[in-house]
Amino acid sequence: MGWDAAALPDAHGRTVIVTGANAGVGYFTSEQLAQAGAHVVLACRDPERAEAAISAIRRRVPHASVEALPLDVTDRRSIDAAADALLGRSVDALVLNAGMVHPPRTRQTDEYGNELVLATNVLGHFRLVARCIPALVQTDARIVTLGSMAARLGRLRIDDLQLERSYTPWRAYAASKIAAQSVGFELDRRLRAAGSAAQSIVVHPGYSISGRTPGIRGVNHPSRATRFADNLQAAWTQGKDGGAHAPVRAVLDPEVTGGDYLGPAAFTKGPPVHIPATRASRSPRLAAALWPLLERAAAQPFPL
Ligand SMILES: NC(=O)c1ccc[n+]([C@@H]2O[C@H](COP(=O)([O-])OP(=O)(O)OC[C@H]3O[C@@H](n4cnc5c(N)ncnc54)[C@H](OP(=O)(O)O)[C@@H]3O)[C@@H](O)[C@H]2O)c1
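Let us look at the structure shown here. Residue numbering note: each chain is counted from 1, following its sequence as written. Reporting of local features is limited, given that this is a predicted model, to residues whose pLDDT is at least 70; pairs of side-chain atoms are given and counted only at 80 or more, and all residues count toward the totals for whole chains, interfaces and linings. Only hydrogens and water are set aside; all other atoms, that is, all heavy atoms of the structure, feed into the side-chain values.

**Section: the side chain of R127**
Step number 1: Put simply, DSSP marks the helices as runs of H or I at least four residues long and the strands as runs of E at least two long, and each gets a number from the N terminus on. The topology assignment puts R127 in helix 4 (residues 116-138).
Step number 2: The class for R127 is buried, based on a relative accessible area of 8%.
Step number 3: The contact criterion used is simple: two residues touch if any of their non-hydrogen atoms lie within 4.5 Å. Setting aside chain neighbours within four positions, we find R127 in contact with R76, I79, D80, A298, A299 and Q300. Only protein chains enter the accessibility calculation, which uses a 1.4 Å probe. A residue is then buried if its area is under 20% of the maximum for its type, exposed if over 50%, and partly exposed in between.

Have a look at this one:
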């Protein structure tokens, strides 16, 4: 079935949490879900940027129901506080969007000694979901993971997960996205095995860039040079508003189910459709090897 991003199903009465919601794909996911009537919780690390995003959504969507939740996915205290807050609420969907898309040139670690790209793109969400899974299971929630087409091009080395021997920014990003997708698909298998109706869905937003994105005060103001350079790539890019169509479909489309993988129809751009995921991302063997390493690195046993 096709999907019309301009005619979303009514989402009144649903509560959706979006991590990294103050900018980029996360912002537009939040705005589009609010437009459809959902109550959207913007989980962001910087209160001022969160407030700017909330003001922008209220300006652009007058009936919007939105609030902020503090969340830094590299800070365990912050993750645990956010998870505790979610445990007390009825959550219909959780969009795991926060991410580092421009990794540092040289390997860096968080305060727990984990490689920073892995920590930001995988471990924080792993710990968050592990801690609030009882609430997500109770409401048959959808858990939507932002993967990437980079997962198609890179490799995940289980024997060097923290990239101590082989760090490059590109390798770190691609490996983190393979790991994120692997966790997303494995989570769905574990939910099924536990007899839960909660669902885990993986999406990727194609190649979505700021200079092709509407300017929004306090959220997105690319320079003229960025606009110019990004528009030269118009044939194979889209705005971050277009990138948000895949996670929004994963949250709202009744035809989407756990274990699905969605991405733009023309690979880097276009309306979100079902697409095949890489063998590595879908591999139960890879996930089985990865899972205990993530539990150890996140210092968080996973209850499923
Ligand atoms: N854009 C693309 O073409 C593309 C392609 C494939 C996959 N993706 C994935 O889509 C997601 C969003 O990408 P994007 O292009 O929208 O990136 P973006 O514009 O750089 O936005 C990233 C968001 O994540 C937040 N974030 C970063 N580190 C965080 C932390 N430690 N704790 C909490 N939030 C944090 C940022 O908050 P701050 O403002 O505070 O930094 C920001 O809100 C990422 O997972 C990315 O890997 C994007």
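**A word on the packing of helix 1 (residues 24-35) against helix 2 (residues 47-60)**
Step number 1: Fitted lines through C-alpha atoms serve as axes, helices being fitted only where they are in contact, and the angles separating the N-to-C directions of these axes extend from 0 to 180 degrees. Packing of helix 1 against helix 2 leaves a shortest axis separation of 10 Å and a crossing angle of 40 degrees. Crossing geometry of helix 1 relative to helix 2 is assigned as right-handed. Contact with helix 1, carried on its side by Y27, F28, S30, E31, A34 and Q35, involves A53, A56, I57 and R60 of helix 2 and no other residues of that element.
Step number 2: Under the convention adopted here, Pro, Cys and the residues Ala, Val, Leu, Ile, Met, Phe, Trp and Tyr are nonpolar, Asp, Glu, Lys and Arg are charged, and Gly plus all remaining residues are polar. Its residues placed into classes, the contact of helix 1 with helix 2 shows six nonpolar, two polar and two charged. Put simply, a crossing is left-handed when the front helix is turned counterclockwise from the back one by less than a right angle, and right-handed when it is turned clockwise.

**Comments concerning the site of the ligand**
Step number 1: The near set for a molecule or strand comprises every residue that places at least one heavy atom within 4 Å of it. V25, R45, Y173, S208 and K240 are the nearest of the 26 residues found near the ligand.
Step number 2: Throughout this description, a polar contact denotes any pair of N or O atoms lying within 3.5 Å of each other; where both atoms belong to protein, one of them has to be capable of donating a hydrogen while the other can accept it, and for residues adjacent in sequence the pair is counted only when both atoms sit in side chains. The separation between an oxygen atom of the ligand and a polar side-chain atom of K240 is 2.8 Å.
Step number 3: Relative to its unbound accessible surface of 890 Å², the ligand loses 88% to contact with the protein.
Step number 4: For the shell around the ligand, the elements supplying multiple residues, two or more each, are helix 1 and helix 6 (169-193). Working definition of accessibility: Shrake-Rupley area with a 1.4 Å probe, residue cover restricted to the visible protein chains.

**Some words on the nonpolar core**
Step number 1: Ranked by size, the top nonpolar core spans 45 residues in total, and within it L94, L128, V129, L136, I143, L156 and L294 carry the most contacts.
Step number 2: Secondary-structure elements contributing two or more residues to this core are strand 2 (39-44), helix 3 (76-87), strand 4 (93-96), helix 4, helix 6 and helix 11 (284-297).
Step number 3: Ranked by the residues each element gives to this core, the list is headed by helix 4, at 11 residues.
Step number 4: Beyond its immediate stretch of four places on either side in the chain, L294 contacts V122, L123, F126, L161, V183 and A299. In this text, buried Ala, Val, Leu, Ile, Met, Phe, Trp, Tyr and Cys residues form a nonpolar core when linked through side-chain atoms within 4.5 Å.

**Some details on the pairing of strand 5 (residues 142-146)**
Step number 1: Within strand 5, five of the five residues are buried, leaving the element largely enclosed by the surrounding structure.
Step number 2: A two-sided burial pattern is seen for strand 5, the buried positions comprising R142, V144 and L146 on one face and I143 and T145 on the other.
Step number 3: In this description, strands pair whenever DSSP reports at least two bridges between them. Taken together, the four bridges between strand 4 and strand 5 define a ladder with parallel strand orientation. Within strand 5, the residue paired with V95 across the bridge is V144.
Step number 4: Convention used here: a crossover is right-handed provided that the path from the first strand, over the helix, to the second strand proceeds clockwise when the strands point away from the viewer. Running through helix 4, the crossover from strand 4 to the neighbouring parallel element strand 5 is right-handed.
Step number 5: Alignment of strand 5 against strand 6 (residues 199-203), held across five bridges, turns out to be parallel.

**A word on the packing of aromatic side chains**
Step number 1: Put simply, two rings from Phe, Tyr or Trp (the six-membered ring, in Trp's case) pair if the centres are within 6.5 Å, and we call them stacked under 30 degrees between planes, edge-to-face over 60, tilted for the rest. Under the defined criterion, the tally for this structure stands at five aromatic pairs.
Step number 2: Both rings, one in Y27 and one in F28, keep their centres 5.0 Å apart while their planes meet at 90 degrees; by these two values the pair is edge-to-face. Each member of the pair, Y27 as well as F28, carries the same accessibility label: buried.
Step number 3: Centre to centre, the rings of F126 and F302 are 5.2 Å apart; their planes meet at 50 degrees, and the pair counts as tilted.

**Some details on the pairing of strand 3 (residues 65-70)**
As a general feature of sheets, a regular strand has side chains that alternate between the two faces.
Step number 1: As defined by bridge partners, strand 2 adjoins strand 3 across six bridges and the pair is classed as parallel. Bridging across to strand 3, C44 finds its partner in P70.
Step number 2: You can see the chain leave strand 2, run along helix 2 and come back into strand 3, and the turn it takes is right-handed.

**Quick word on the pattern of salt bridges**
Think of it this way: side chains of opposite charge can pair up when their charged atoms draw near.
Step number 1: Criterion for a salt bridge: a side-chain nitrogen of Lys or Arg within 4 Å of a carboxyl oxygen of Asp or Glu. For the structure shown, the criterion picks out 13 salt bridges.
Step number 2: Across the pair R60 and E31 runs a salt bridge, and its minimum N-O distance is 2.6 Å. A residue pair is termed long-range when its members are at least 10 positions apart, and R60 in helix 2 and E31 in helix 1 qualify at 29 residues.
Step number 3: Assessed through its relative accessible area of 37%, R60 is described here as partly exposed.
Step number 4: The partner of R157 in a salt bridge is D159, and the shortest N-O contact between them spans 3.4 Å.
Step number 5: Residue R157 is classed as partly exposed on the basis of its relative accessible area of 29%.
Step number 6: One connected set of salt bridges, linked through shared partners, spans D75, R77 and E111.

**As for the sheet that holds strand 1 (residues 15-19)**
Step number 1: The strand order 3-2-1-4-5-6-7-8 describes an open sheet built from eight strands, whose pairing is mixed. Only two strands of the sheet have a single neighbouring strand rather than two, namely strand 3 and strand 8 (272-274). Averaged over all neighbouring strand pairs, the angle between strand axes comes to 25 degrees, with direction disregarded.
Step number 2: Strands strand 1, strand 2, strand 3 and strand 5 of the sheet are contacted by helix 1, whose axis makes an angle of about 170 degrees with strand 1.
Step number 3: Helix-sheet contacts for helix 3 involve strand 1 and strand 3, and the interaxial angle to strand 3 is about 140 degrees.

**Description of helix 11**
Step number 1: Look at helix 11: 20 Å from first C-alpha to last across 14 residues, which is about the 20 Å you get at 1.5 Å a residue.
Step number 2: Along its length, helix 11 shows its largest kink, about 25 degrees, at L290, and proline P292 lies within four residues downstream of that point.
Step number 3: Where helix 11 is concerned, the buried positions are L286, A287, L290, W291, L294 and A297.
Step number 4: The elements touched by buried residues of helix 11 are helix 3, helix 4, helix 6 and helix 10 (279-282). Expected helix span is given by 1.5 Å per residue-to-residue step, counting one fewer step than there are residues. Two axes define the bend at a residue: one fitted to the seven residues ending there, one fitted to the seven starting there, and the bend is the angle between them.

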